[in-house]
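Report on the structure
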Amino acid sequence: MEHNEERARVYFNGRRYNVPSSMTILKAMEYAGYTITKGCGCRHGFCGACATIYRIQGESEIHTCLACQTIVKDGMYVASLPFYPTDKRPYDMEKLKPTEHIMMELYPEIYSCIGCNACTKACTQNLNVMQYIAYAQRGDFEKCAEESFDCVACKCCSAKCPAGISHPMVSLLARRLTGKYIAKESKHLTERVEEINHGKFDELIEQIMQKPIEEMQELYNNRDIEE
């Protein structure tokens, strides 16, 4: 790293650090001495765990983001939001049916949405969160699942919601109902899972696991994607 690289003043947990301005928040925290050993998906945890709120010095607006994909800015005050207490209702997928009443039974608070769109503005994935909640209200689980497909459950939307809606839990239920009851069966996927269970790809997987991480990333980025 070049010593003359431009620096940015950032504040982690109220303490000031001068870090290279090209770094993401996550990298800058590690550069500043914080050890992130678990929780985050790219640190052997789950994606969405690096949910972050920040404010730029001199500005009033509070922003939400994922620390792994957001570049630091000068005067940035940062606080992590690794866990937010959303409300996941207990249910048995084997007993659920995709009826229009299921959301009212499990997540009635979605009908208290005031249409403020704070959830959409807070989404770190730029999803139309208020729209997929509207689909859930109408019992259109397939559209809700499609609209929320890229959700990583960082829960920034729920943290901003005045109605107390647990948006990621609602979308998760919609995707589960869609996958189990609505979406067409993917026969080739079922066959591939059976092949994996019978060890057909064990040798190939072992070969890939022996490769350097950079080569594995290159293979992944240039893989054939089935339609």
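Okay, so let's go over this structure. (Residues numbered from 1 in each chain as written. Predicted model: local features only at pLDDT ≥ 70, side-chain atom pairs only at ≥ 80, totals over all residues. Heavy atoms only, no water.)

Observations concerning the packing of aromatic side chains
Quick reminder of the rule: Centres within 6.5 Å make a pair out of two Phe, Tyr or Trp rings, where for Trp the six-membered ring is used; the pair is then stacked when the planes are under 30 degrees apart, edge-to-face when over 60, and tilted otherwise. For every residue, the accessible area (1.4 Å probe, protein chains only) is compared with the maximum for its type, and the residue is labelled buried under 20%, exposed over 50%, or partly exposed between those bounds. Secondary structure elements follow DSSP: runs of H or I no shorter than four residues count as helices, runs of E no shorter than two count as strands, and numbering proceeds from the N terminus.
Under the criterion given, the structure shown has four aromatic pairs. Ring centres of Phe12 and Tyr17 lie 5.7 Å apart, and the angle between their planes is 35 degrees; on these two criteria the pair is classed as tilted. Taken individually, Phe12 and Tyr17 each receive the classification buried, so the pair is uniform in this respect. Centroid distance Tyr17 to Tyr34: 6.0 Å. Interplanar angle 70 degrees. Geometry classified as edge-to-face. Taken together, the positions of Tyr17 in strand β2 (residues 15-20) and Tyr34 in the loop between α1 (25-31) and β3 (51-56) put the pair 17 residues apart, joining distant regions of the chain. Accessibility expressed as a relative area gives 23% for Tyr34, which makes it partly exposed.

Considering the packing of helix α4 (residues 129-137) against helix α7 (residues 167-182)
How we decide: An axis is simply a line fitted to the C-alpha atoms; with a helix, the fit covers only the stretch in contact. Between two such axes, the angle follows the N-to-C directions and lies from 0 to 180 degrees. Should an angle fall under 35 degrees it is called roughly parallel, over 145 degrees roughly antiparallel, and 65 to 115 degrees roughly perpendicular, with every other angle called oblique. Left-handed describes a crossing in which the near helix is turned anticlockwise from the far one by less than a right angle; the clockwise case is right-handed. Should any heavy atoms of two residues lie within 4.5 Å, those residues are counted as being in contact. Only Asp, Glu, Lys and Arg are considered charged, only Ala, Val, Leu, Ile, Met, Phe, Trp, Tyr, Cys and Pro nonpolar, and every remaining residue, Gly among them, polar.
The interhelical angle for the contact between α4 and α7, taken along N-to-C directions, is 50 degrees, at an axis separation of 10 Å. With respect to α7, the axis of α4 lies oblique. The crossing of α4 and α7 is left-handed. Between α4 and α7, the residues in contact are Val129, Tyr132, Ile133 and Ala136 and His167, Pro168, Val170 and Ser171, respectively. In terms of residue class, the contact of α4 with α7 is made up of six nonpolar, two polar and no charged.

A closer look at the side chain of Thr64
Examined against the element boundaries, Thr64 turns out to sit in strand β4 (residues 63-66). Non-local contacts of Thr64, meaning those with residues more than four positions away in its chain, are made with Thr52, Ile53, Lys121, Ala122, Thr124, Cys156 and Lys160.

A closer look at the sheet that holds β2
Keep this limit in mind: When DSSP finds two or more bridges between two strands, those strands count as paired.
If you trace the five strands from one edge of the open sheet to the other, you get β2-β1-β5-β3-β4, paired in mixed fashion. Only two strands of the sheet have a single neighbouring strand rather than two, namely β2 and β4. When the angles between neighbouring strand axes are averaged without regard to direction, this sheet yields 35 degrees. Sheet topology places β3 next to strand β5 (residues 76-80); five bridges connect them, and they run antiparallel.

Regarding the environment of Tyr77
Topologically, Tyr77 is positioned in strand β5. For the pair Tyr77 and Tyr91, spaced 14 residues apart in the sequence, the C-alpha separation amounts to 40 Å. The residues touching Tyr77, leaving out its near neighbours within four places in the chain, are Tyr11, Ile53, Tyr54, Arg55 and Gln57.

What to know about the pairing of β4
Alignment of β3 against β4, held across four bridges, turns out to be antiparallel. Within β4, the position partnered with Thr52 by the bridge is Cys65.

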